[in-house]
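Listed below, chain by chain, are the residues.
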Amino acid sequence: MQERLKALADLQKVDLEILALRKSAEVYPRQMGELERELSLAKGEVEAERNKLLDVERQRRTLEQNIAEEKEKVRKWETRLSEQRSTREYAALAREIDIAKKANATMAEELVELGKIQVQLRELVKGKDQQYAAKVADVGGKLNELRAKVAGFEGQVKELQAKRAEVARGVHPPLLSRYETVRRRRSPALVTVVAGTCQGCNMSVPPQLFNTLKTTLETDICPSCHRIICAPEAIEPPPAKKE
Ligand SMILES: [Zn+2]
């Protein structure tokens, strides 16, 4: 076993661990986004009901004002009615008053109906508010769990990166720089050649190259995928001898 190569294999192990960790953490931002969307959707629902309620309240105020104005008009007309000398004018005004009173009665009925709708909407909004509060608590809890996971993940990555820096110091600099170059394009960058086949790309390497790898326990480059290749025994301890 080659100590220098063993250091590179160890470095790759740490790199693959970091990679797997990052992969497993990819879901967190998406999950958090989904929860936030869920929350804003629920908020939108409450707001929609609240707006309906506000609208009904506005309608009621307008109607109340109209009714008050109409009543005042009727009151004035009734005063004028007693002052009418002509029968024809009296009859005409009396008819106007009658029409106004009927319109007022209709508006009063509408007001009662709006009052009923308002009560229903208030109940609905109250219910939706409670649902939303429960959702905020539930989603908030889940978001906190995810934030804790993200923080834990970041801590793990930091630890692994510290370990990586330490392991990297044990790798011969030219080999390390070659490894870094290959790693940017292919992972894993260091692979073994087993029975003449590169374990990175599954292509055969020339027999001469395979023989050299086995006898020297050095590294070379796969002619097909350009990964760093070596014999398995160069980085793996030989199988334990049977007693
Ligand atoms: Zn290859």
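See the structure shown above.
Residues numbered from 1 in each chain as written. Predicted model: local features only at pLDDT ≥ 70, side-chain atom pairs only at ≥ 80, totals over all residues. Heavy atoms only, no water.

Student: Is there a simple way to explain the overall build of the protein chain in this structure?
Tutor: Secondary structure summary: the protein chain contains six helices and four strands in total. Walking the protein chain from its N terminus toward its C terminus, one meets helices and strands in the order α-α-α-α-β-β-α-β-β-α. Computed over its C-alpha atoms, the radius of gyration of the protein chain comes to 42 Å, more than 25% above the 18 Å expected for a compact globule of 243 residues. Principal-axis analysis of the C-alpha atoms gives the protein chain an extent of 135 × 35 × 35 Å. Buried residues in the protein chain amount to 31% of all 243 residues. Counting every atom, the protein chain has about 16,200 Å² of accessible surface; 54% of that belongs to carbon and sulfur. (Helix = DSSP H or I, 4+ residues; strand = E, 2+ residues; numbered from the N terminus. Rg over C-alpha atoms; globule rule 2.2 N^0.38 Å. Buried < 20%, exposed > 50% of the residue type's maximum accessible area, 1.4 Å probe, protein only. Areas by Shrake-Rupley, 256 points an atom, 1.4 Å probe, with all protein chains shown as cover.)

Student: Explain the layout of surface pockets to me, please; I cannot follow it from the model alone.
Tutor: To find leftover empty space, a probe the size of one water molecule is rolled over the atoms. Considering only enclosed or pocket space, the largest pocket measures out at about 210 Å³ in volume. Looking at the lining of the largest pocket, the elements that each hand over two or more residues are α1 (3-25) and β1 (190-194). In terms of residues, the lining of the largest pocket owes the most to one element, α1, which gives six residues. Here the residues of the lining of the largest pocket sort into six nonpolar, three polar and four charged. Taken together, domain 1 (10-168) and domain 2 (173-235) each give at least three residues to the lining of the largest pocket, which thus spans both. Every residue lining the second largest pocket is counted, 13 residues in all, and those nearest its centre are D15, L16, I18, L19 and R183. Of all the elements in the fold, those that place two or more residues in the lining of the second largest pocket are α1, α3 (87-168) and α4 (173-185). (1 Å grid on protein atoms, 1.4 Å probe; cavity = no way out; pocket = protein on both sides within 12 Å on 5 of 7 lines; lining within 4 Å. Points joined across faces, edges and corners; volume = space filled by probe spheres on them. Nonpolar A, V, L, I, M, F, W, Y, C, P; charged D, E, K, R; others polar. Domains from an automatic or database assignment.)

Student: When you look at the coordination of the zinc ion in this model, what are you seeing that I'm missing?
Tutor: Between any two of four tetrahedral donors, the ideal angle at the metal is 109.5 degrees; between two of six octahedral donors, it is 90 or 180 degrees. The coordination sphere of the zinc ion contains the protein donors C198 (SG), C201 (SG), C222 (SG) and C225 (SG), at a distance range of 2.2 to 2.3 Å. Counting along the primary sequence, the residues that act as donors to the zinc ion give the motif C-x2-C-x20-C-x2-C. In this pair, C201 is assigned in the loop between β2 (197-198) and α5 (207-216) and C222 in the loop between β3 (220-221) and β4 (228-230), connecting sequence segments 21 residues apart. Judged by relative accessible area, which is 24%, C201 ranks as partly exposed. (Donors = N, O, S within 2.8 Å, 3.2 Å for Na, K, Ca; no water.)

Student: Which parts of the structure should I look at to understand the environment of C201?
Tutor: Separated by 148 residues in sequence, C201 and L53 place their C-alpha atoms 67 Å apart. Not counting chain neighbours up to four residues away, the residues in contact with C201 comprise C222, S224, C225 and R227. (Contact = heavy atoms within 4.5 Å.)

Student: Looking at this structure, how should I read α3?
Tutor: For α3, built from 82 residues, the straight-helix expectation of 122 Å at 1.5 Å per residue is met to within 8% by its first-to-last C-alpha distance of 113 Å. If you check the start of α3, you find a side-chain oxygen 3.2 Å away from the backbone N of R88, and it comes from S86. (Expected span 1.5 Å × (residues − 1). Polar contact = N/O pair within 3.5 Å; in protein donor to acceptor, adjacent residues only side chain to side chain.)

Student: Looking at this structure, how should I read the packing of α1 against α3?
Tutor: When two helices pack together, their arrangement is given by the angle between the helix axes and the distance between those axes. In the contact formed by α1 and α3, the axes pass within 9 Å of each other and the chain directions differ by 165 degrees. Relative to α3, the element α1 lies roughly antiparallel. In terms of crossing hand, the pair formed by α1 and α3 is left-handed. Each of A7, D10, L11, V14, D15, E17, I18, L21, R22 and A25 in α1 lies in contact with α3, whose residues at this interface are F153, Q156, V157, L160, Q161, K163, R164, V167 and A168. Of the residues in the contact of α1 with α3, the class split is 11 nonpolar, two polar and six charged. (Axes fitted to C-alpha atoms, helices over the stretch in contact; angles between N-to-C directions. Parallel < 35°, antiparallel > 145°, perpendicular 65-115°, else oblique. Left-handed = near helix turned anticlockwise from the far one by under 90°.)

Student: I keep staring at the nonpolar core and nothing clicks. Help me out?
Tutor: Taken as a class, soluble globular proteins show a tendency for nonpolar side chains to be buried jointly. L5, L8, L11, L190 and I229 are the most contacted members of the largest nonpolar core, which has 44 residues in total. Going through the elements one at a time, α1, α2 (27-82), α3, α4, β1, α5, β4 and α6 (232-235) are the ones with two or more residues in this core. For this core, the leading source of residues is α1, giving nine residues. Shared between two domains, this core takes at least three residues from each, and those domains are domain 1 (10-168) and domain 2 (173-235). L8 has contacts with V171, L175, Y179, L190 and I228, leaving out every residue within four places of it along the chain. Among the nonpolar cores identified, the runner-up in size contains nine residues, and L53, V56, L63 and L111 belong to it. (Core = buried A, V, L, I, M, F, W, Y, C linked by side-chain atoms within 4.5 Å.)

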